[in-house]
Amino acid sequence: MQTDMITIPDAPRLLLSGARIPAELVEGPPDNARQDAEGALALDLLLDSGCIAGVFPAGSAPDIHPRVPLQGRHLWPAFIDMHTHLDCGHAIPRVRPDGTIHGGFSRTAGDWACWTDDDMALRMEFGIRCARAHGVAALRTHVDSETLALSSRGYRVLDRLCQAWAGRVDLQGVTICAMEAWLGPEARALADLAADHGGILGGVTDTLERGANGTYDTLSGALDRLFELAAERGLDVDLHVDQTDDLSAFTIPEIARARLRSRFTGRLVLGHCVNLSLMPERVIDETLALAKEAGLAFVSMPTPMMYLMDRKPGRTPRWRGVTAAHEIRAAGLPLAIGGDNCRDAWFPYGDHDMLDTLKQAIRVFQADEPLTGTLAMASRIPADLIGRPDLGRIAVGLPANLVIFQARSLNVVLARDQADRIVLNRGRRVADGLPLHHYLERALGLAPAWP
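This section reports on the structure supplied with the text. (Residues numbered from 1 in each chain as written. Predicted model: local features only at pLDDT ≥ 70, side-chain atom pairs only at ≥ 80, totals over all residues. Heavy atoms only, no water.)

So, about the sheet that holds strand 4 (residues 67-69). Backbone hydrogen bonds are what pair the strands of a sheet, in a parallel or an antiparallel way. Across the sheet, which stays open at both edges, the 4 strands sit in the order 3-2-1-4 with mixed pairing between neighbours. With one partner strand each, in any of the chains shown, strand 3 (51-57) and strand 4 form the two edges of the open sheet. In this sheet, neighbouring strand axes are inclined to one another by 30° on average, regardless of whether the strands run parallel or antiparallel. Across 3 bridges, the pairing between strand 1 (residues 13-22) and strand 4 is parallel. Note that in strand 4 the partner of Leu16 across the bridge is Val68. (Pairing = 2+ DSSP bridges. Helix = DSSP H or I, 4+ residues; strand = E, 2+ residues; numbered from the N terminus. Axes fitted to C-alpha atoms, helices over the stretch in contact; angles between N-to-C directions.)

Glancing now at the sheet that holds strand 5 (residues 75-77). If you walk across this open sheet you meet the 4 strands as 5-14-15-16, and the pairing is antiparallel. Each edge of the open sheet is held by one strand with a lone partner, namely strand 5 and strand 16 (428-429). Pairing between strand 5 and strand 14 (residues 402-404): 3 bridges, direction antiparallel. Across the sheet, Pro77 pairs through a bridge with Leu402, a residue of strand 14.

Under the counting rule described, the total for this entry stands at 8 aromatic pairs. Here Trp76 and Phe79 contribute two aromatic rings whose centre-to-centre distance is 6.1 Å and whose plane-to-plane angle is 70°, an arrangement assigned as edge-to-face. Owing to a relative accessible area of 1%, Trp76 belongs among the buried residues under this scheme. With a centroid separation of 5.2 Å and 80° between ring planes, the pair formed by Trp76 and Phe405 is classed as edge-to-face. Remark: Phe405 occurs in the loop between strand 14 and helix 12 (410-415) and Trp76 occurs in strand 5; sequence separation between them is 329 residues. One aromatic cluster is present, built from ring pairs that chain together Trp76, Phe79 and Phe405. Between Arg168 and the ring centre of Trp165, over which it is positioned, the NZ or CZ distance is 3.9 Å. Residue placement shows Arg311 over the ring face of Tyr307; its charged tip is 4.4 Å from the ring centre. (Phe/Tyr/Trp six-rings, centres within 6.5 Å; stacked < 30°, edge-to-face > 60°. Buried < 20%, exposed > 50% of the residue type's maximum accessible area, 1.4 Å probe, protein only. Lys NZ or Arg CZ within 6 Å of the ring centre and 35° of its normal.)

Now for the nonpolar core. Grouped together as the largest cluster of nonpolar side chains are 110 residues, with contacts concentrated most on Trp76, Trp182, Leu201, Leu239, Leu270, Phe298 and Phe365. Not counting the four nearest positions on each side in its chain, Leu201 is found in contact with Val174, Thr175, Trp182, Ala191, Ala194, Leu226, Leu229, Ala230, Leu235, Asp236, Val237 and Asp238. Counting residues in hydrophobic clusters, the runner-up holds 23 residues, among them Ile6, Ile8, Ala19 and Ile404. (Core = buried A, V, L, I, M, F, W, Y, C linked by side-chain atoms within 4.5 Å. Contact = heavy atoms within 4.5 Å.)

So, in structure tokens, the structure goes:
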């Protein structure tokens, strides 16, 4: 049997020598570092007290011990998943999806009666443990907020988890509700709740229909109110947008115009935006020009969207179900990717593995040949969008949150599942393995009977 493993000593100061690191994930690389044909730099990293203390061309670092020779293995910064739904997750087999957006909502709403603090904490922490084992350093999770009571419970549980996981996995919460809620009596209380818990404001534009005059008057008013509330509290905004193939339900331009007329100056991220890819090229170009003027950013969830979009009984989907990724990037707009739903009423699969999400994105977007700029969609770009420029890249002075692969080429990183990856949190190896599903099901009272 072949063995080619390395050992990471538990030491406050050590040298990782001979790493291959994709150049797009390194800030301020040494000028004379060698670069391979796939765009990876040959570097040595000095780690000290949990941070990256030095970046050197391979073979030129000081003689420091302990020294771990990586021998050309790929080393990346830890992943960032900026679009998840931890509170919905891991409810299988209690809920069963029907493969549709509307079915996902109705089945999730039917499950809310089971969402006690303990139930949510068990399921959410299971997701966090999976993400940590796969090398995710930060998660932004949407918090179901259809009522103030539901939102309060979600943020309360998230607060507990933020404290329990501090220094290991950073967590952010986003209020998610129908856009009409921002015109309702609980709007100010919802915004205050998010602000009190360090959260972000959000909403779902797909809940609205055009008025009799063919305009989105209700959406316009809801956006104005949302941006007003966010501006008052200094909060960012993260929206679920256009999760449909209905070309008449197209809200990106209205969101951009609302941003431009508002006093809101925070970060504004639009998630999903899948029907953008079905628009005529002229409409895509005009929309993205307006989006750039308004300072919008985008996050795509390729795996669940491929599962949900263009689903017709007895018929193979004709459409990939993802946004216009190439056009967004060509327009100079930030595009990140996220894991989205995981083993819940919308999507019954997944494991909070952002490497798997990145591979899916590369294939469905055809975002390779070359891969330049693509790897950052799961690290540097989402780190910036969640306000964490200290994450998602390699640079002196940043936390040593790293993932080391056995693969010596980028192609092999993307070709194999990399289950034997090594994850470092602040320079120390993460020893926790992946949690077992049957233990979670047993704790939730969902374990199936077995002889």
